[in-house]
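Residue-level structural notes
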Amino acid sequence: MNIGIIAHNSKSILIEDFCIAYKTILSRHDIYATGTTGRRIEAAASLHVHKFLPGSIGGDKQFIEMIDRNAMDLVIFFYNPNMIDPKDPDVTSIVMACDLNSIPVATNIATAEMLILGLERGDLDWRKAVNPGEGYMI
């Protein structure tokens, strides 16, 4: 499955820790991330990540385009609701695109853990019917 991971700068350490904790599960899937987040995940968890541009220079738009093509199966987006920076990826647009395409999205550690553990159990296998192909390259 294609898993999109994105994080505001203030949540970088949290996303690194999450990816380290769930490295075994994540390693069995294709990971997509904005440039900065992707590099941090690769360095921290030694996972291969398909990277978009950094979010501040259009990576969030590339991320949304993949969601709009229904080529993302799960999105984890850690953002800081107390510190919205115009340079950070647009929360509303990403969550709205996921909702429009029935793509499960987590915006905090609690739901991210539920989704990743559900993925491991097979709870998200219904996405294979929506996206029968593998490897949605950007």
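In this report, the structure presented in the accompanying data block is examined.

Using the criterion set out here, one finds five aromatic pairs in the structure. Where F18 meets F78, the ring centres are 5.8 Å apart and the plane angle is 85 degrees; that geometry is what we call edge-to-face. Here F18 is found in helix 1 (residues 12-21), whereas its partner F78 is found in strand 4 (residues 74-78), with 60 residues between them in sequence. Aromatic side chains Y32 and F52 sit 6.3 Å apart centroid to centroid with 35 degrees between the ring planes, which places their arrangement in the tilted category. Placement of the pair is Y32 in strand 2 (residues 30-33) and F52 in the loop between strand 3 (49-51) and helix 4 (59-68), with a sequence separation of 20 residues. Here the two residues Y32 and F52 agree in accessibility, since each one is buried. The rings of F18, Y22 and F78 are connected pair by pair, giving a single aromatic cluster.

Now for the nonpolar core. As a rule of thumb, nonpolar side chains are buried together in soluble globular proteins. In this structure, I3, I5, F18, C19, L26, I116 and L119 are the most contacted members of the largest nonpolar core, which totals 25 residues. At the level of elements, strand 1 (2-7), helix 1, helix 2 (23-26), strand 2, helix 3 (35-45), strand 4 and helix 6 (109-121) are the ones that each hand at least two residues to this core. The element best represented in this core is helix 6, accounting for four residues. Apart from residues lying up to four places away in sequence, L26 is in contact with I3, I5, C19, I31, L47 and I116.

Moving on, we come to the pairing of strand 4. For a regular strand, side chains alternate in direction, first toward one face of the sheet and then toward the other. Extensive coverage of strand 4 is indicated by the burial of five of its five residues. The alternating pattern of strand 4 places L74, I76 and F78 and V75 and F77 on opposite faces, both of which are buried. Two strands pair when backbone bridges link them, and strand 1 and strand 4 are joined in this way by five bridges, in the parallel orientation. When the sheet's bridge partners are listed, G4 is paired in strand 4 with V75. Where strand 4 and strand 5 (residues 105-106) come together, two bridges link them in parallel fashion. Counted as the bridge partner of I76 is A106 from strand 5.

A word on helix 1. The complete set of buried residues in helix 1 reads S12, I15, E16, F18 and C19. The buried residues of helix 1 occupy an angular sector of 160 degrees when the element is viewed end-on, so they sit on one face. Of the residues in helix 1, the exposed ones pointing more than 90 degrees away from the buried face are I13 and A21. Summarising the contacts, the buried residues of helix 1 are in contact with strand 1, helix 2, helix 3, strand 4 and helix 6.

On the secondary structure map, S12 appears in helix 1. Remark: the alpha-carbon pair of S12 and T37, spanning 25 residues in sequence, is separated by 7.1 Å.

The subject of this paragraph is unusual backbone geometry. Not every positive phi belongs to a glycine, and S46 is a case in point at roughly 55 degrees. Considering the arrangement of structural elements, one finds S46 in the loop between helix 3 and strand 3. For S46, a relative accessible area of 57% puts it in the exposed group. Non-glycine residue N70 carries a positive phi angle of around 60 degrees.

What counts, and where the lines are drawn
Residues numbered from 1 in each chain as written. Predicted model: local features only at pLDDT ≥ 70, side-chain atom pairs only at ≥ 80, totals over all residues. Heavy atoms only, no water. Phe/Tyr/Trp six-rings, centres within 6.5 Å; stacked < 30°, edge-to-face > 60°. Helix = DSSP H or I, 4+ residues; strand = E, 2+ residues; numbered from the N terminus. Buried < 20%, exposed > 50% of the residue type's maximum accessible area, 1.4 Å probe, protein only. Core = buried A, V, L, I, M, F, W, Y, C linked by side-chain atoms within 4.5 Å. Contact = heavy atoms within 4.5 Å. Pairing = 2+ DSSP bridges. Arc of directions from axis to C-beta.

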